[in-house]
Amino acid sequence: MVSYKRLNPEDVQFSNAVLSEEHVPVREEVREPEECERPLLSRRPSCSATTGLVVLGSLLLLLCGVWLLATIFWVHRPSNQPPHRPPPPAPAPTPDSRGNGTGAERVGAGRDPQACAATPEAWRFDCYPERGAVVTREMCEARNCCFISVPSSQQPPSGSNGVPWCFYPPEFPSYSLVSVNDTALGQTGRLVREVKTYYPGDILTLELETRHETEMRLRVRITDPSESRFEVPVTVPNATKKAESPAYTVELSKEPFGLIVKRTSTGAVLLNTTVAPLFYADQFLQFSTSLRSKFIYGLGEHRSSFLHSVQWNTLTMWARDVPPVELTNLYGAHPFYLAMEEGGNAHGFFLLNSNAMDVVLQPAPALTWRTIGGILDFYVFLGPDPASVIGQYLEVIGYPAMPVYWALGYHLCRWGYGSSNATWDVVKNMRNQGIPQDAQWNDIDYMEQFMDFTFDPTSFSTLPDLVKDLHTHDQRYVMILDPGISSTQAEYWPYDEGLRRGVFINDSDGNTLIGKVWPGLTAYPDFSDHVTHEWWYDNLKRFHEKVPFDGLWIDMNEPSNFLDGSTNGCPANSLENPPYTPGILGGLLRAKTLCASAKQKTSIHYNMHSLYGLMEAKASACALKRILGKRAFVISRSTFPSHGAYSGHWLGDNRSQWKDLYVSIAGILTFNLLGIPLVGADICGFSEEPQEELCVRWTQLGAFYPFTRNHNAIDMKPQDPTAFSPLAQTAMKQALLLRYSLFPLLYTLFHHAHTLGHTVARPLMFEFPKDIRTYGIDRQFLWGKSLLVTPVLDPGVDYVVGYFPEGVWYDYYTGDPVHSKGEELRLQAPLDKINLHLREGAVIPTQRPNLTLWVSSGQPLHLVSTLSEDGSASGDLFWDDGESIDTYETDQYAYIVFSVIQNVMTSQVLHSHLEATYLTVESASFYGVKEEPSGVLVNSQEAAFTYRANQVLTVADLGLNLSQNFTISWM
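Notes on the structure in this doc start here. (Residues numbered from 1 in each chain as written. Predicted model: local features only at pLDDT ≥ 70, side-chain atom pairs only at ≥ 80, totals over all residues. Heavy atoms only, no water.)

Broken down by element type, the protein carries 17 helices and 50 strands. A burial count over the protein gives 61% of its 971 residues as buried. Contacts in the protein between residues far apart in sequence, at least 24 positions, make up 72% of those at least 6 positions apart. Taken as a whole, the protein presents about 36100 Å² of accessible surface, with 52% of it coming from carbon and sulfur. (Helix = DSSP H or I, 4+ residues; strand = E, 2+ residues; numbered from the N terminus. Buried < 20%, exposed > 50% of the residue type's maximum accessible area, 1.4 Å probe, protein only. Contact = heavy atoms within 4.5 Å. Areas by Shrake-Rupley, 256 points an atom, 1.4 Å probe, with all protein chains shown as cover.)

Structure follows, in structure tokens:
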């Protein structure tokens, strides 16, 4: 749920409150001359004409000197024009803010007007990035930058960025590389800045380290050698040996310092930081790079198309509770991008930094990273294809967890059932209508006064009985938890015990920070402390003894706060009001969250804020494993890199609008790139009244989200499938049964995500990286490499246009072939159909569906093979008990591969397990058999078959045990 008034896109405004605060401008002191240096004008001059001329000339010379000094002072002093002026000097040191005591000069070299004018607009890097500032020439030149205004006709619409009027000249001072030494992993270097910048706290000497960690992975760290700074507490690989034959070369520019990374095989420049100056101050770190192309993906979490625009597009990262709107920082922060290159190559870049930041894309194309804390610690991944890039990224941050089987079923929820009996009635209606459902959820209305680890003793008195009934029917129960713990109850064990153990976040004075969320005044657990993990586990265990829930939905964990900071406000210091504030919604770091200066076990909230959801997810997953002894099911709103190892994600408080249906695909694809494949959007939309046609189309699309949940808001009409007309119910039921029939495929895809870092929901460009027409497609997607989903995303139509990359595609339902040269095709799409096509060369395991995955997963298999032009196909199946922890790591699984070559299908059991003996292969279909066979043999025995005119061969009544090798051949 959103924690405050819902915002529409037109309501979103960026406050420049921080920029408007009165600061004393920095002024350079003009030194008074020493007594011995004073001119001897106090002596009485002689009266000769010559002496008079000399004296007069001296006076004129002195006046000129004074004028020149005054002019220099005026040019170089910071502007004092309110409200937008260069930042003030750093205040007294705070836990992560310090000045430096060097004597380096404050201002840089002069500007060359010709060089300024010669800089192409696309290559102008913003020298005055403060959000909301109306930059004047005086303000710009006070920063020693170029100022060229751009006509309003050339600027983008309101709400977007445009060509910066104030930008760095080519000669703007940066760091110099003064020494380089070889190391066991790469090189180290010393960087020195001679001229201070216009932000306080410059760190004038830096240490550079390059690590050639693997052939496809380069790591670069730029740190302060004199004092440690905050580093993100996420475990990453610790390389001990330098790559022998890396796919990259690293070049270091000395004056000014720059880093250039090239792909060895093609010479393509993947990273070039010489395009703009490096900044490294205590609370302002910035560097820029050229991009190889305009095709950039990732950089979550934002509401946008899958392919990001490079037209002066600023993406801000700072976890925030806000309904998804464009140009706004949302629930999670993921500073990773995937970039395409010429010829279909791809590379990736990951900045391991959790502080508030802006990422600026511009049409050069180029990108600027601008963060307000931590260090510069980044990776370059060489791919060379998009899928390999993601695999290499996940090798660093961690592979996603293998989900429990029922996580892949249909989930139903709403805010506002009102009672456990009303919730129960919906479950019964679903069963009566024969509509699949694996999990029932409740929102905060199940709680007593919205307090965690309670349930309403009146309205939800039968909740334990409901959960028992769900378990009897092989279904599961998931409950919501918010991190805010009520602090005003006379006796409330979670708060009282939390105080006793010291688990809550403190304010800057060391007292428990109190905010406000649904239960009223609340304290916030500090999940960066292991003591808090134990306290969280104890609370969950105590409540599980009353209500035996199966999974957790952790919401409001940005963390959200109805106040700005706390009940006592926040201190006035550089943590709350840093020299530069990224373009976050509200304009303040504390806006609708905690004080940046709040104290956590690991560090201050200024550094830890965007990690809060990740750390709560880790605590929740670990606790569930201990309580249940099975895989944990956790869905989290706020996320950070490595989150997929503990939790899935839903895309937040969307709306019942057709646009939200469309943009959900981009969200699903982006989070698969970011290592969180268990992701979905609220089917039918969370807020606003649901429309029947929209809900049908959304259920069809949602059936192919990796995580499938229908959820809506309080006071909205019901939108579960049983709430609609018989025709709509039937269409939704068919879509969900279709999903359940594809469970063996989906489960296998998640296995590959868990073990190899593959995507589950996959953009077409991953499979067709040489086809540039796939680069912007986000109205279609793939499951794995072979199942193409083409949903209807517009109202009132009975057709859809989809792009089919070159090759043979088969209609999933009929087997009819589509021979494409790489073209768009118009497909019939009545209200009860979602178009699915299978790519040539695949073997897809399917299953007879049922009302729960527990029942479905025991049904016989049907294998669908889609033959390539040469008659070949291949596929696989991973199978285990669906819920035990680490089955792959402990060899408690079965793995079977299928192949078709020259009219012979072979099943080969590469890893056997008891679970596979419970399954049989009932039938097999072969799409694209060009000639009708004269006979079919199954394990050398003749078998009955059918052959249709559309070249589909089907063999039924097989009864083959999955745990044994078999062959099917035709002549």
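Attention shifts here to the pairing of strand E14 (residues 334–340). Burial analysis of E14 places seven of its seven residues in the buried class, which makes it a mostly covered element. Every second residue of E14 is oriented toward a common face, with His334, Phe336, Leu338 and Met340 on one face and Pro335, Tyr337 and Ala339 on the other, all of them buried. Alignment of strand E12 (residues 296–300) against E14, held across four bridges, turns out to be antiparallel. Residue Ile296 lies in a different strand from E14, and its bridge partner there is Ala339. Here five bridges tie E14 to strand E15 (residues 346–351), and the two strands are oriented antiparallel to one another. The partner of Met340 across the bridge, within E15, is Ala346. (Pairing = 2+ DSSP bridges.)

We now examine the environment of Gly822. Position of Gly822 relative to the elements: it lies in the loop between strand E36 (817–820) and strand E37 (823–828). Each C-alpha atom of the pair Gly822 and Pro805 lies 4.2 Å from the other, and the pair is 17 residues apart in sequence. Setting aside residues up to four positions removed in sequence, Gly822 forms contacts with Arg773, Tyr803, Phe804, Pro805 and Glu806.

On to the nonpolar core. Side chains of a nonpolar character, in soluble globular proteins, are inclined to be buried together. Tyr446 and Phe704 are the most contacted members of the largest nonpolar core, which has 238 residues in total. Top element by residues in this core is helix H11 (residues 612–628). It accounts for nine residues. (Core = buried A, V, L, I, M, F, W, Y, C linked by side-chain atoms within 4.5 Å.)

We now examine the sheet that holds E12. The eight strands lie next to each other as E3-E4-E5-E6-E18-E15-E14-E12, forming an open sheet whose pairing is antiparallel. Strand pairing shows two members of the sheet lacking a second neighbour, strand E3 (175–182) and E12, which therefore form its edges. Strand after strand, the sheet turns through a mean of 15 degrees between neighbouring axes, direction not considered. Against the sheet, helix H5 (residues 386–397) makes contact with strand E6 (217–223), E14, E15 and strand E18 (376–381), and its axis sits at roughly 25 degrees relative to E15, the strand it touches most. (Axes fitted to C-alpha atoms, helices over the stretch in contact; angles between N-to-C directions.)

Here the focus is unusual backbone geometry. Both trends apply: most residues other than glycine have a negative phi, and most peptide bonds are in trans. With an omega of 15 degrees, the peptide bond between Gly383 and Pro384 qualifies as cis. Along the chain, the position of Pro384 falls in the loop between E18 and H5. Each neighbour pair has its own omega, and for Glu558 with Pro559 the value is 0 degrees, a cis peptide bond. Mapped onto the elements of the fold, Pro559 is located in the loop between strand E25 (551–554) and helix H10 (605–608). In this structure, Asp474 is a non-glycine residue whose phi angle is positive, near 60 degrees. For Asp474, the location among the structural elements is in the loop between helix H7 (463–472) and strand E21 (476–481). The class of Asp474 is partly exposed, set by a relative accessible area of 25%. One non-glycine residue with positive phi stands out, namely Asp886, at about 55 degrees. Within the element layout of this structure, Asp886 appears in the loop between strand E41 (873–879) and strand E42 (894–901). Assessed through its relative accessible area of 41%, Asp886 is described here as partly exposed.

Let's shift gears to the state of the cysteines. The final tally for this structure, using the stated rule, is five disulfides. There is a disulfide in this structure between Cys127 and Cys145, and the S-S distance comes to 2.0 Å. What sets the handedness of the Cys127 and Cys145 disulfide is the S-S torsion sign, and at about 70 degrees it is right-handed. Of the two residues, Cys127 is situated in the loop between helix H3 (113–118) and helix H4 (137–142) and Cys145 in the loop between H4 and strand E1 (146–147); the sequence distance between them amounts to 18 residues. The same class applies to Cys127 as to Cys145, namely buried. Through a disulfide, Cys684 is tied to Cys695; the S-S separation comes to 1.8 Å. For the disulfide bridge between Cys684 and Cys695, the dihedral angle about the S-S bond is near 85 degrees, and by the sign convention the bridge is right-handed. Taken together, the residues Cys684 in the loop between strand E29 (682–683) and helix H13 (692–702) and Cys695 in helix H13 connect sequence positions eleven residues apart. Neither residue differs from the other here; Cys684 and Cys695 are each classed as buried. Disulfide connectivity for the protein, with bonded cysteines indexed by sequence position, reads 1-5, 2-4, 3-6, 7-8, 9-10. (Disulfide = S-S within 2.5 Å.)

Once that is clear, we can look at H11. Helix length check: H11 (17 residues) gives 24 Å between terminal C-alpha atoms against 24 Å at 1.5 Å per residue, within 8%. Counting buried residues in H11 gives twelve out of 17 residues, a clear majority hidden from the surface. Burial in H11 covers these residues: Tyr612, Gly613, Leu614, Met615, Glu616, Ala617, Ala619, Ser620, Ala621, Ala623, Leu624 and Ile627. Looking at the packing, one finds that the buried side of H11 touches helix H9 (530–544), E25, H10 and strand E26 (634–636). Backbone geometry just downstream of H11 places Gly629 in the positive-phi region, at approximately 70 degrees. (Expected span 1.5 Å × (residues − 1).)

So, about the packing of aromatic side chains. The final tally for this structure, using the stated rule, is 57 aromatic pairs. When the ring of Phe504 is compared with that of Trp535, the centres are 5.8 Å apart and the planes differ by 75 degrees; the resulting orientation is edge-to-face. In this pair, Phe504 sits in the loop between helix H8 (493–501) and strand E23 (514–517) while Trp535 sits in helix H9, placing the two residues 31 residues apart along the sequence. For Phe504, a relative accessible area of 6% puts it in the buried group. Accessibility expressed as a relative area gives 0% for Trp535, which makes it buried. (Phe/Tyr/Trp six-rings, centres within 6.5 Å; stacked < 30°, edge-to-face > 60°.)

So, about the sheet that holds strand E22 (residues 485–486). Taken in spatial order, the three strands of this open sheet run E22-E24-E23, and their pairing is antiparallel. Every interior strand has two partners, whereas the edge strands, E22 and E23, have only one.

To continue, consider the pattern of salt bridges. Overall, the coordinates contain 40 salt bridges when judged by the stated rule. A salt bridge links Arg303 to Asp660; the shortest N-O distance between them is 2.9 Å. Note that Arg303 is positioned in the loop between E12 and strand E13 (313–317) and Asp660 in helix H12 (residues 658–673), a separation of 357 residues in sequence. Asp660 sits in the buried class, given a relative accessible area of 3%. Through salt bridges with shared partners, one network takes in Glu209, Arg211, Glu213, Arg217, Arg219, Arg221, Glu231, Asp377 and Glu395. (Salt bridge = Lys/Arg side-chain N within 4 Å of Asp/Glu carboxyl O.)

Note that every value here comes from positions in space, so none of it alone points to a role or purpose.
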